[in-house]
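# Observations on the three-dimensional arrangement
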Amino acid sequence: MSARAEQESRAAGPAGRDGAGGTAAGRDRVRRPGFGRLVWAEWTKLRSVPAWLVGLAVAALLTAAIGLLICGASVCSRQDAHGREVACTATIGPDGRNVTDRFYFVHRPMTGDGSLTVRLTALDATQPWAKAGIMVKNGVRPGAGYAAVLVTPGHGARLQYDFEHDVAGPPGAVSPGRPRWLRLTRAGDRVTGAVSPDGHHWTTVGTARLAGLPRTAQVGMFAATPLDLGRTDSMTQSTVHPEPTVATATFDRVRATGGAAGASWTGTRIGDSGPLRTAAGGYHDTGGTLRVRGSGDIAPAVSSIASITPIERTLLGTFAGLVAIAVVASSSIGAEYRRGTIRLTLLASPRRGRVLAAKAVVVGGVVFVVSLATSLAAVALGTRLLRANGNVVAAVPAATEARVVVGTAALLAVAAVLALAVAAIVRHAVGAIVAVLAGLVLPYLLAAVLPVLPAPAAEWLLRVSPAAGFAVQQTMLAYPQVDTSYTPFDGYYPLAPWLGFAVLCGWTVVALTAAALLLRRRDA
């Protein structure tokens, strides 16, 4: 206790009041530094230890350098329909995301409002999500907006529009003995899809609003079928050898009204590009019966089967940076236990929970600032390297890219606080480092980087362990209408980005609470 504080204590007297009306709480304010001073003291400790500053620099270097090395070594090329090597390309949908838009389209102009009605009598396809039906499309450019009412072999009738939207209709497949009537009706920018078993009793599947649909659009029949995923890896459940397939659809009883009537049919193979050579499509008109043969898909693009690279690839060095950060965070309190200076720290501020909170604020805040700058640089430079090597970087909204950058910084900051709390519990930096690596880095490596765990086990691990926090980096979305492997090894986490981050925060809160209780009861 300082001389000034001792004089004030004597002046207060036995009743706890001094001549000026002070109280015991006033004496506490003199003896105990405020939280701001504790934070400043911890920041002074951190910046005064060169080894910790070097550790933060190493963490930043590892996070950025590993990602940039991987991006620099990644080169993308594919074979076209003629077997020639060409650069990877991507198709962008109406909402700015990557899409798959490859199919065969038998179409004609539709000016203004009108409708098209057909009967689908057969669909010869092996894939459950193969599709055939009628469509209104904003031209024949790949990625243009559309609305389609269709039938699939395994998922019944559907209304699908603008790639991401899928509305279920009546179940059941189509066959010569069980045909399906389809109708699309346009009114301005709204397109309504309906189905019927007999051409008389109709069921409306849904209505789509196509923003920017011009007065003259294209309307007609189509067929498409996605890749056959073929053999899958027994451990990761990822696709090994996907192959193109072909669907053949038979239409008759074609009736058009309003702006859909009049012109002759034209056959177009839309989007003849992709990661694999697609089978040729075509159509044949025999007295009003049209047989349409097509290959490809009309759906959102997913990274497991498309030649696109998600931006989180630029941050693959995060786990290595996390190791260095765990060392710094654990040492910031572990060194005090090793040298015995923790007693002086707690003597200067008896409210031990505040001491731990101050350390957490400093460590977490410093790591967040350093990691934010590092993540921003890694994403910016990494995407430039990927594009320079012919890679197609997945198109994502600006808000999603910002979430990846800020989320990565928050991931590393919370992981640093977790390491600090564990070090306070075990009172040893090395033990804390091992514990954090075992609970955070190792599950991530086993589940998402190295194909050594079955997909169910990997997903479970990324639900319950602190490594769930890595989900904050995910940008690719999973879609029920796209049948592919959505495993951690393919970049798809079992939890939503912020929900996975919340799991990491939950572990950190538990560790901090336990550390605070032990500081009060055990350490003196």
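Calculation rules
- Residues numbered from 1 in each chain as written.
- Predicted model: local features only at pLDDT ≥ 70, side-chain atom pairs only at ≥ 80, totals over all residues.
- Heavy atoms only, no water.
- 1 Å grid on protein atoms, 1.4 Å probe; cavity = no way out; pocket = protein on both sides within 12 Å on 5 of 7 lines; lining within 4 Å.
- Points joined across faces, edges and corners; volume = space filled by probe spheres on them.
- Nonpolar A, V, L, I, M, F, W, Y, C, P; charged D, E, K, R; others polar.
- Helix = DSSP H or I, 4+ residues; strand = E, 2+ residues; numbered from the N terminus.
- Expected span 1.5 Å × (residues − 1).
- Phe/Tyr/Trp six-rings, centres within 6.5 Å; stacked < 30°, edge-to-face > 60°.
- Buried < 20%, exposed > 50% of the residue type's maximum accessible area, 1.4 Å probe, protein only.
- Lys NZ or Arg CZ within 6 Å of the ring centre and 35° of its normal.
- Core = buried A, V, L, I, M, F, W, Y, C linked by side-chain atoms within 4.5 Å.
- Pairing = 2+ DSSP bridges.
- pLDDT = per-residue confidence, 0-100.
- Contact = heavy atoms within 4.5 Å.
- Lys, Arg positive; Asp, Glu negative; His and termini not counted.
- Salt bridge = Lys/Arg side-chain N within 4 Å of Asp/Glu carboxyl O.
- Polar contact = N/O pair within 3.5 Å; in protein donor to acceptor, adjacent residues only side chain to side chain.
- Axes fitted to C-alpha atoms, helices over the stretch in contact; angles between N-to-C directions.
- Left-handed = near helix turned anticlockwise from the far one by under 90°.
- Arc of directions from axis to C-beta.

The next point concerns empty space enclosed by the protein. Tallying each qualifying case throughout the model produces 7 cavities of 30 Å³ or more. The calculated volume of the second largest cavity comes to roughly 90 Å³. Broken down by class, the residue content of the lining of the second largest cavity amounts to 9 nonpolar, 1 polar and 3 charged.

We now examine helix H7 (residues 352-388). In a regular helix each residue adds 1.5 Å, so 37 residues correspond to 54 Å; H7 covers 53 Å between its end C-alpha atoms and thus fits that length. Within two residues after H7, Gly 390 carries a phi angle of roughly 85 degrees, on the positive side.

So, about the packing of aromatic side chains. Enumeration according to the criterion identifies 7 aromatic pairs in this entry. Relative to Phe 105, the ring of Phe 103 lies with its centre 5.7 Å away and its plane at 55 degrees, an arrangement referred to as tilted. Of the residues examined, Phe 103 reaches a relative accessible area of 1% and is grouped as buried. Classification of Phe 105 by relative accessible area gives buried; the value is 0%. Taken together, the ring pairs in this structure connect Phe 103, Phe 105 and Phe 222 into an aromatic cluster. The ring centre of Trp 265 lies 4.1 Å from the NZ or CZ of Arg 108, which sits over that ring.

A few words now on the nonpolar core. Counting residues in each nonpolar core, the largest one holds 55 residues, and the members touching the most others are Leu 322, Val 367, Leu 440, Tyr 444, Phe 470 and Tyr 493. If you list the elements that add at least two residues to this core, you get helix H4 (50-73), helix H5 (318-339), H7, helix H8 (398-426), helix H9 (429-449), helix H10 (455-464) and helix H11 (497-521). The element that contributes the greatest number of residues to this core is H8, accounting for 15 residues. Residues Leu 123, Ala 208, Val 219 and Trp 265 belong to the second largest nonpolar core, which totals 38 residues.

Attention now moves to the pairing of strand E15 (residues 247-258). Relative to E15, strand E6 (residues 114-124) is paired through 9 bridges, and the arrangement is antiparallel. Paired with Asp 124 across the strands is Thr 248, a residue of E15. Where E15 meets strand E18 (residues 289-294), 5 bridges bridge the pair, whose relative direction is antiparallel. Residue pairing for E18: Thr 250 is matched across the bridge by Arg 291.

This part is about the confidence of the model for the protein chain. Taken as a whole, the protein chain shows an average pLDDT of 85; of its residues, 84% reach a score of 70 or greater. In this model residues 1-30 is a low-confidence stretch, pLDDT under 50, and it forms 19 contacts with partners more than four residues away in sequence or in other chains.

Here Arg 180 is to be found in strand E11 (residues 180-187). Of the side chains with opposite charge, Asp 198 comes closest to the buried, unpaired Arg 180, at an N-O distance of 9.9 Å. A polar side-chain atom of Arg 180 sits 3.3 Å from the main-chain carbonyl oxygen of Pro 171. In terms of polar contacts, Arg 180 uses its side chain to reach the backbone carbonyl oxygen of Gly 172, at 3.3 Å. Among residues more than four places away in sequence, those in contact with Arg 180 are Val 118, Arg 119, Leu 120, Val 151, Ala 157, Pro 170, Pro 171, Gly 172, Ala 173, Val 174, Val 195 and Ser 196.

What follows is about the packing of H5 against H8. Where H5 meets H8, the axes come as close as 8 Å, and the angle between the chain directions of the two elements is 35 degrees. Read as a crossing pair, H5 and H8 show a hand that is right-handed. Contacts from Thr 318, Leu 322, Ile 325, Ala 326, Ala 329, Ser 330, Ser 332, Ile 333 and Tyr 337 in H5 reach Thr 408, Leu 411, Leu 412, Ala 415, Ala 416, Ala 419, Leu 420, Ala 423 and Ala 424 in H8. Grouping the constituent residues of the contact of H5 with H8 by class yields 14 nonpolar, 4 polar and no charged.

This part takes up the sheet that holds strand E3 (residues 91-92). As summarised here, the arrangement of the 3 strands in space is E3-E4-E19, forming an open sheet in which the pairing is antiparallel. If you trace the sheet from one side to the other, it starts and ends with E3 and strand E19 (298-300), each paired once. In this sheet, E19 lies alongside strand E4 (residues 98-101) in antiparallel orientation, the contact comprising 3 bridges. Paired with Asp 101 across the strands is Ile 298, a residue of E19.

Structurally, the position occupied by Trp 265 is in the loop between E15 and strand E16 (266-270). Excluding its chain neighbours within four sequence positions, the residues that come into contact with Trp 265 are Val 106, His 107, Arg 108, Leu 116, Val 219, Gly 220, Met 221, Val 254, Tyr 283 and Leu 290.

Turning to helix H3 (residues 35-48), a few remarks are in order. Spanning 14 residues, H3 covers 20 Å between terminal C-alpha atoms, matching the ideal 20 Å at 1.5 Å per step. Buried residues of H3: Leu 38, Glu 42 and Leu 46, and no others. Seen from one end, H3 has its buried residues packed into an arc of 75 degrees, which puts them on one side. Along H3, exposed side chains directed more than 90 degrees from the buried face belong to Gly 36, Arg 37 and Trp 40.

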